[in-house]
Amino acid sequence: MSDLRELYQEVILDHSRKPRNFRKIEDADRMSVGYNPLCGDRLTLFLDLEDGVVKDASFQGVGCAISTASASMMTEAVKGKRVEDAEKLFEQFHEMVTASPDEEIDASGLGKLQVFGGVREFPARVKCASLAWHTVHAALHGQEETSTE
Ligand code: ZN
């Protein structure tokens with residue numbers, strides 16, 4: 001179990017140091033700003049949609065390692081997905097990070113996003129991990145800003 005934990009930490013560190021899709025999409029179809037006042041994480045998310053599919057996803061902003069890694073992996077996860085499947089991922093991710101630590105959950109549909117399952121044990125970090133997901137959820141609903149509060 002501790003090996004797995006280390007691996008998970010490595011994945012999160014890698015994405016926080018070298019965030020993927022860290023750029024702006026010019027003429028994005030959707031743009032949404034997410035803010036987590038508890039930690040100060042702030043990001044702007046860009047989406048390109050075509051025929052109900054997320055063609056491209058990117059973000060910019062400043063935040064802690066967990067929020068940056070989560071945004072990096074979120075953009076990778078939703079890219080190429082149908083909008084309803086991206087929403088499903090949001091729901092599964094949200095369930096995983098807000099379940100109580102001793103609750104049995106099935107997060108297998110989340111693939112490598114399961115690395116964030118550990119934040120359940122650290123309530124203060126749950127919002128860091130879920131900020132990018134709240135922001136993509138807002139963007140898909142045409143909202144231009146969201147806050148974890
Ligand atoms: Zn944070």
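Scroll up to find the structure.
Residues numbered from 1 in each chain as written. Predicted model: local features only at pLDDT ≥ 70, side-chain atom pairs only at ≥ 80, totals over all residues. Heavy atoms only, no water.

### Quick notes on the nonpolar core
What counts, and what does not: We define a nonpolar core as any set of buried Ala, Val, Leu, Ile, Met, Phe, Trp, Tyr and Cys residues linked to one another through side-chain atoms lying within 4.5 Å. For every residue, the accessible area obtained with a 1.4 Å probe (protein chains only) is divided by the maximum for its type, and the residue is called buried under 20%, exposed over 50%, and partly exposed between those limits. What counts as a helix is a DSSP run of H or I of at least four residues, what counts as a strand is a run of E of at least two, and both are numbered from the N terminus. Between two residues, a contact is recorded if the distance between any of their heavy atoms is within 4.5 Å.
Leu45, Leu47, Phe93, Leu113, Phe116 and Trp133 are the most contacted members of the largest nonpolar core, which has 36 residues in total. By residue number, the principal contributor to this core is helix H4 (residues 123-140), which donates nine residues. When neighbours within four sequence positions are excluded, Leu113 is seen to be in contact with Met73, Ala77, Leu89, Phe93, Met96 and Trp133.

### What about the sheet that holds strand S4 (residues 145-147)?
To keep things clear, this is the line we draw: Paired strands are those between which DSSP finds at least two bridges. Inter-axis angles, ranging from 0 to 180 degrees, are taken between N-to-C directions of lines fitted to C-alpha atoms, where helices are fitted over the stretch in contact.
Within the open sheet, the four strands sit side by side as S3-S2-S1-S4. Their pairing is mixed. Two strands in the sheet have a free side with no partner beyond their single neighbour: strand S3 (53-62) and S4. Strand-to-strand, the axes of this sheet are offset by a mean angle of 20°, without reference to chain direction. Pairing of strand S1 (residues 30-36) with strand S2 (residues 41-50) involves seven bridges; the strand directions are antiparallel. When the sheet's bridge partners are listed, Val33 is paired in S2 with Thr44. This element, helix H2 (residues 65-78), spans S2 and S3 of the sheet and lies at about 170° to S3. Sitting on the sheet, H4 is in contact with S1, S2 and S4, with an inclination near 40° to S2.

### Focus on the coordination of the zinc ion
The condition that has to hold: Only nitrogen, oxygen and sulfur atoms qualify as donors, provided they sit within 2.8 Å of the metal or within 3.2 Å for Na, K and Ca; with water excluded from the atoms, sites may seem incomplete.
On the protein side, the zinc ion has Cys39 (SG), Asp41 (OD), Asp41 (OD), Cys64 (SG) and Cys128 (SG) as donor atoms, found 2.2 to 2.7 Å from it. Of note, the donors binding the zinc ion are all from one chain and are spaced C-x1-D-x22-C-x63-C. Look at Asp41 and you get buried, because its relative accessible area is 1%.

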